[in-house]
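Now for the letters of each chain:
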Amino acid sequence: MPKQEWKNKTAVTEFILLGFGNGPQLDSCLFLMFLSIYIVTVTGNTFIIVLVVANRHLHTPMYFFLGNLACLEICYSSNILPRMLFSYLGGDRSISANGCFTQYYFFGCLAAAECYLLAMMSYDRYLAVCRPLHYPSHMNVKLCLQLAAASWISGFLSNSVLTVLISSLDFCGPQKIEHFFCDSFPMMKLSCSDTRVTGLVTSVVAGVCSLPPFLLTFSSYLYILITVMRIPSAIRRKKAFSTCSSHLIVVVLFYWSILAVYVLPHHDTQMSPNKIFSVFYTILTPLVNPLIYSLRNKEVKEALRKQ
């Protein structure tokens, strides 16, 4: 329906999140699947936090950032999954407009904070591998706290402007959001206002929040790869690269899914690739992070044996 035809309609006060489909059997399967994912995600990331805090051998910059990442993943999942579980359990897909804007605000903030935090972790690995003699003096407690605080604060500030812009739009047309959570572009499709400026600002802020951290992460691992390849001993090369392989896997999973969502063309079908790829960085990445770090990290496994 053309936007000019929406203006006489009643303003929308709630939205309907269509999710992945409808039907009693499908809802039951999705509820059990996402409930299991949420329990494992919260339990696994909480376990990482407790392990890092309780074991003094893990009181290092790398595990300080890992604890921050685990805390962020708990918040990330808790912003999306409980609302999904409620809708599949009770069948009510509706969400108030204010609730939708709030969910989008925290989603954008946490996604931006994760981009910055992953970049800080890559910088830590760069100093540890490429500047080992300077690492203890450079990556001190003060700098770690400053980098972690900057990641969280930058993430929460970055999405404030976008949330204000999107919440200021007029929504007077269809209520149905073709997604499983409140995201910017699916919401803007329902607006009867001119969304060109909001869309442009959204793209700019998304680029600022993702491109610089991605470039820092990419350049850090490029220098790490060059440094590791110059090590004459194969055993030493393997040991040096193993210190950052877990983080590299997390980075690849996170950025691969985000790029797939925002680079691929948007589709209006119910099971569009954009919706499927969104599952990776909103649900599966928080799930696999504790598994990757615990199963591939010798220091974490050693700390577990000593508990």
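One can find the structure itself at the top, above this paragraph.
Everything numeric here is computed off the predicted structure, so don't read it as measured data. (Residues numbered from 1 in each chain as written. Predicted model: local features only at pLDDT ≥ 70, side-chain atom pairs only at ≥ 80, totals over all residues. Heavy atoms only, no water.)

Counted by the stated rule, this structure contains 3 cavities of 30 Å³ or more. Its boundaries defined by the atoms lining it, the largest cavity holds a volume of some 90 Å³. Lining the largest cavity are L17, G19, R83, M84, S87, Y88, R93, Q103, F180 and F181. With 4 residues, helix α2 (residues 61–90) is the single largest residue contributor to the lining of the largest cavity. Looking at the lining of the largest cavity residue by residue, the class counts come to 5 nonpolar, 3 polar and 2 charged. (1 Å grid on protein atoms, 1.4 Å probe; cavity = no way out; pocket = protein on both sides within 12 Å on 5 of 7 lines; lining within 4 Å. Points joined across faces, edges and corners; volume = space filled by probe spheres on them. Helix = DSSP H or I, 4+ residues; strand = E, 2+ residues; numbered from the N terminus. Nonpolar A, V, L, I, M, F, W, Y, C, P; charged D, E, K, R; others polar.)

Further remarks concern the packing of aromatic side chains. The final tally for this structure, using the stated rule, is 20 aromatic pairs. Residues F106 and F156 carry aromatic rings whose centres are separated by 6.3 Å and whose planes lie at 75° to one another, so their mutual orientation is edge-to-face. One end of the pair, F106, is in helix α3 (residues 97–130); the other, F156, is in helix α5 (residues 141–167), and 50 residues separate them in sequence. Exposure remark for F106: the relative accessible area of 33% places this residue in the partly exposed category. Judged by its relative accessible area of 25%, F156 is partly exposed. Taken together, a centroid distance of 6.4 Å and an interplanar angle of 20° make the contact between W152 and F156 stacked. Separated by 4 residues within a single helix, W152 and F156 lie in helix α5, roughly one turn from each other. Following the ring pairs from residue to residue traces out a cluster consisting of F20, F34, Y76, Y88, F107, F180, F181 and Y281. (Phe/Tyr/Trp six-rings, centres within 6.5 Å; stacked < 30°, edge-to-face > 60°. Buried < 20%, exposed > 50% of the residue type's maximum accessible area, 1.4 Å probe, protein only.)

Where nonpolar side chains cluster on the molecular surface, the patch consists of L200, V204 and V208 and spans about 280 Å² of accessible area. Note on placement: L200 falls in helix α7 (residues 196–229). (Patch = residues over 30% accessible without salt bridge, like charges linked within 9 Å, V, L, I, M, F, W, Y side chains within 5 Å. Areas by Shrake-Rupley, 256 points an atom, 1.4 Å probe, with all protein chains shown as cover. Salt bridge = Lys/Arg side-chain N within 4 Å of Asp/Glu carboxyl O.)

Once that is clear, we can look at the state of the cysteines. Going through the model one piece at a time under the given rule, you end up with 1 disulfide. The residue that forms a disulfide with C100 is C182, at a sulfur-sulfur distance of 1.9 Å. Since a negative S-S torsion denotes a left-handed disulfide, the C100-C182 link at about -115° is left-handed. Of this pair, C100 sits in helix α3 while C182 sits in the loop between β3 (176–177) and α6 (184–188), placing them 82 residues apart in sequence. (Disulfide = S-S within 2.5 Å.)

Remember that the coordinates give geometry; whether it matters functionally is a separate question.
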